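Read off the chains here:
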Amino acid sequence: MVDERPAWARRMVEERAARDWSQLDAVRALMARLPEDQVLSEQDLLRQWKRWEAGEAQPMKYRSVIAQTFGTTTGAFFPEKPRRDGRAEILQVTGMDTIDIIARLRASEVDVSTLDALRITVDRLCCEYAYMPAEQLLVEGKAWLARVVGLQHQRVSLAQHQEIITLAGKLALLVGCVEYDSGFPRDAEATRQAALMLGQEAGELSVQGWAHEMRAWFSLTRGDYRGVIAAAEAGIAVAPNESVAAQQAKAWARLGDRSQTEVALDKGRLLLERLPYPENIENHFVVDPAKYDFYRMDALRRVGENRLAEQLANQVLRAGTDFDGTERSPMRNAEARVTLGVVAAREGDLDTALAFGEKALAGERKSLPSLAMVAADLGQALQSQYAHASEAQAFVAHLRELRGGQ
């Protein structure tokens, strides 16, 4: 039988079950976080909770507190907007396709329509980061970066010049990420530094913030956890976003400091709650509320919270898969499957652990450094639990090859 309840109602049940809470336990946890003007009697709120879990009513004024009760953000628990189609938007807004845009870029002057089309094109490319083959995206990203940089030699106003530099910075961020995914760390670091300088020249704080976030990510995958914390602090000082704070949480989790991990996760949650819901959550360089669950999953897996990590991994898979089974976030999904594999290994289910691990490594779109780092947790669990199982050792050997070949 198909469960027709809203996704948030199903998630309320799953989050509660992952904590072994009864409905009354959940209500009491919620009441402890309610502002004074929203306090109801325990029984009244319990009746409300039952209706929410059944999907019979929406918890309109309680959304943020429900999300806080379960340690996540309102935007992740109650997402607001559907996916956008960047290519269709270009045609709708400007009436131009890619060939038209390139032709207009070669003109002696840049008009408003051309900049609009270019802005949407950059947005589209940043959205395609999640699923486009790395080789293809790298070629396309570099080509558009060259075109944008070339606009500086044309007649443009000061405001147009500033926007062109900003767009170049965003494209440099994208190219740097794909270079790092593809196993070119030196190229990626040079591109990241270029993005930072472009962001500084344009006065664009978001570009600067994401450049620091990339430095934190690079440091994390190299095992330089103190470097992660330093880069994250620099990013938060420039342009606070949850992604930078979450990289801190990942580092603290790997350093074994559970208290600081929780502090960093809560810092990221509070940052997100203060920001408006993003216009386009598919863009890799916006503050994506759903990504917070992805980061929490990693940290909770590292500190051994198996049930909570498993619940979040399933949530990440649901959020990253379309209704027809198409994976729109294959890299996040791969790490979610590694998490499910780690939990299975820790719980004594070798076959399930290997099945999740093999599926995680089989995806075409992957970030080699990030996947190798996360998969190392599965390798450690297999080594610990199944040191004498040949199939487990064969998988561990495969992980070593992945790590060595990045």
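Look up: the structure comes first, before these words.
Not measured: the values here are computed from a predicted model. (Residues numbered from 1 in each chain as written. Predicted model: local features only at pLDDT ≥ 70, side-chain atom pairs only at ≥ 80, totals over all residues. Heavy atoms only, no water.)

**Q** Would you take a moment to explain the overall build of the protein for this structure?
**A** Broken down by element type, the protein carries 21 helices and zero strands. Relative to its length of 406 residues, the protein is compact, with a C-alpha radius of gyration of 22 Å against a globular reference of 22 Å. Taken along the three principal axes of its C-alpha coordinates, the protein extends 70 × 60 × 45 Å. When the 406 residues of the protein are sorted by exposure, 53% land in the buried category. Sequence-distant contacts in the protein: of pairs separated by 6 or more residues, those separated by 24 or more amount to 64%. With the model as given, the accessible surface of the protein reaches about 18300 Å², and the carbon-plus-sulfur share is 51%. Averaged over its 50 positive side-chain charges, the protein has a centre that lies 2 Å from the centre of its 58 negative ones. (Helix = DSSP H or I, 4+ residues; strand = E, 2+ residues; numbered from the N terminus. Rg over C-alpha atoms; globule rule 2.2 N^0.38 Å. Buried < 20%, exposed > 50% of the residue type's maximum accessible area, 1.4 Å probe, protein only. Contact = heavy atoms within 4.5 Å. Areas by Shrake-Rupley, 256 points an atom, 1.4 Å probe, with all protein chains shown as cover. Lys, Arg positive; Asp, Glu negative; His and termini not counted. Charge placed at Lys NZ, Arg CZ, Asp CG, Glu CD.)

**Q** How do you make sense of the packing of aromatic side chains when you look at a structure like this?
**A** The relative placement of two aromatic rings is captured by the distance of their centres and the angle of their planes. The final tally for this structure, using the stated rule, is 12 aromatic pairs. Here the aromatic rings of W49 and F70 are separated by 6.2 Å at their centres, their planes lie at 65°, and the arrangement is edge-to-face. Placement of W49 in helix 3 (residues 42–54) and of F70 in the loop between helix 4 (63–69) and helix 5 (74–77) is noted, with a sequence separation of 21 residues between them. A centroid spacing of 5.7 Å and a plane angle of 50° characterise the contact between F294 and Y295, whose relative ring orientation is tilted. The burial state of F294 is the same as that of Y295; both residues are buried. Clustering of aromatic rings is evident, with ring pairs tying together W8, W21, W49, W52, Y62, F70, F77 and F78. Of note, R332 hangs over the ring of F294, and the distance from its end group to the ring centre comes to 6.0 Å. (Phe/Tyr/Trp six-rings, centres within 6.5 Å; stacked < 30°, edge-to-face > 60°. Lys NZ or Arg CZ within 6 Å of the ring centre and 35° of its normal.)

**Q** What is the right way to read helix 10 (residues 158–181) from this model?
**A** At 3.6 residues per turn, the α-helix brings residues three or four places apart onto the same side. The terminal C-alpha atoms of helix 10 lie 35 Å apart, and with 24 residues this matches the ideal 34 Å at 1.5 Å per residue to within 8%. With 18 of its 24 residues buried, helix 10 lies for the most part within the structure. A positive backbone phi angle near 90° is found at G183, which sits one or two residues after helix 10. (Expected span 1.5 Å × (residues − 1).)

**Q** Which parts of the structure should I look at to understand the packing of helix 9 (residues 134–150) against helix 10?
**A** A pair of packed helices is captured by two measures, namely the crossing angle of their axes and the spacing between those axes. With their axes 9 Å apart at the nearest point, helix 9 and helix 10 run at an angle of 155° to one another. Between helix 9 and helix 10, the angle falls in the class roughly antiparallel. For helix 9 against helix 10, the interelement crossing comes out left-handed. Judged by residue contacts, A134, L137, L138, G141, K142, W144, L145, V148 and V149 of helix 9 engage I164, L167, A168, L171, A172, L174, V175, V178 and E179 from helix 10. By residue class, the composition of the contact of helix 9 with helix 10 is 15 nonpolar, one polar and two charged. (Axes fitted to C-alpha atoms, helices over the stretch in contact; angles between N-to-C directions. Parallel < 35°, antiparallel > 145°, perpendicular 65-115°, else oblique. Left-handed = near helix turned anticlockwise from the far one by under 90°. Nonpolar A, V, L, I, M, F, W, Y, C, P; charged D, E, K, R; others polar.)

**Q** It is not clear to me how the pattern of salt bridges should be interpreted in this structure. Could you clarify?
**A** Think of it this way: side chains of opposite charge can pair up when their charged atoms draw near. Applying the stated rule across the entire model yields 27 salt bridges. Of the charged contacts in the structure, one is a salt bridge between K142 and E179, with a shortest N-O distance of 3.9 Å. Of this pair, K142 sits in helix 9 while E179 sits in helix 10; the two residues are 37 residues apart in sequence, bridging distant segments of the chain. Judged by its relative accessible area of 5%, E179 falls in the buried class. Beyond isolated ion pairs, a larger network of salt bridges with shared partners links R11, E15, R19, D293 and R296. (Salt bridge = Lys/Arg side-chain N within 4 Å of Asp/Glu carboxyl O.)

**Q** Where do I start with a negative patch on the surface in this structure?
**A** On the surface, E310, E347, D349, D351 and E391 cluster together to form a negatively charged patch. Tracing the backbone shows E347 in the loop between helix 18 (330–346) and helix 19 (350–362). Judged by relative accessible area, E347 falls into the exposed class, the value being 52%. (Patch = residues over 30% accessible without salt bridge, like charges linked within 9 Å, V, L, I, M, F, W, Y side chains within 5 Å.)

**Q** Just to check I follow, could you spell out helix 2 (residues 23–31) for this structure?
**A** Burial in helix 2 covers these residues: A26, V27, A29 and L30. An end-on view of helix 2 places all buried positions within 160° of arc, on one side of the element. In this structure, the buried side of helix 2 is in contact with helix 1 (7–18), helix 3 and helix 4. (Arc of directions from axis to C-beta.)

**Q** Got a minute to help me understand the nonpolar core in this structure?
**A** Proteins that are soluble and globular tend to have nonpolar side chains buried together. Among the nonpolar cores identified, the biggest contains 41 residues, and V338, A345, L350, L378, L382, Y386 and F395 are the most heavily contacted of them. When near neighbours in sequence (up to four residues on either side) are disregarded, V338 contacts A360, L371, V374, A375 and L378. (Core = buried A, V, L, I, M, F, W, Y, C linked by side-chain atoms within 4.5 Å.)

**Q** Looking at this model, I keep getting lost on the state of the cysteines. Mind explaining?
**A** By definition, a disulfide links two cysteine residues through a covalent bond between their sulfur atoms. Enumeration according to the criterion identifies zero disulfides in this entry. In this model C127 remains outside any disulfide bridge; the closest cysteine sulfur is found in C126, 7.1 Å from its own. Given a relative accessible area of 11%, C127 falls into the buried group. With no disulfide partner, C177 has as its closest neighbouring cysteine sulfur the one in C126, 8.8 Å distant. What makes C177 buried here is its relative accessible area of 1%. (Disulfide = S-S within 2.5 Å.)

**Q** Looking at this model, I keep getting lost on the environment of G199. Mind explaining?
**A** Here G199 shows up in helix 11 (residues 185–202). Using a relative accessible area of 2% as the deciding quantity, one classes G199 as buried. Measuring from C-alpha to C-alpha, the distance between G199 and A172 comes to 10.0 Å, with 27 residues separating the pair along the chain. Filtering out sequence-adjacent residues up to four positions away, G199 remains in contact with E204, V207 and Q208.

Honestly, that's just the spatial picture; any functional story needs more than this.
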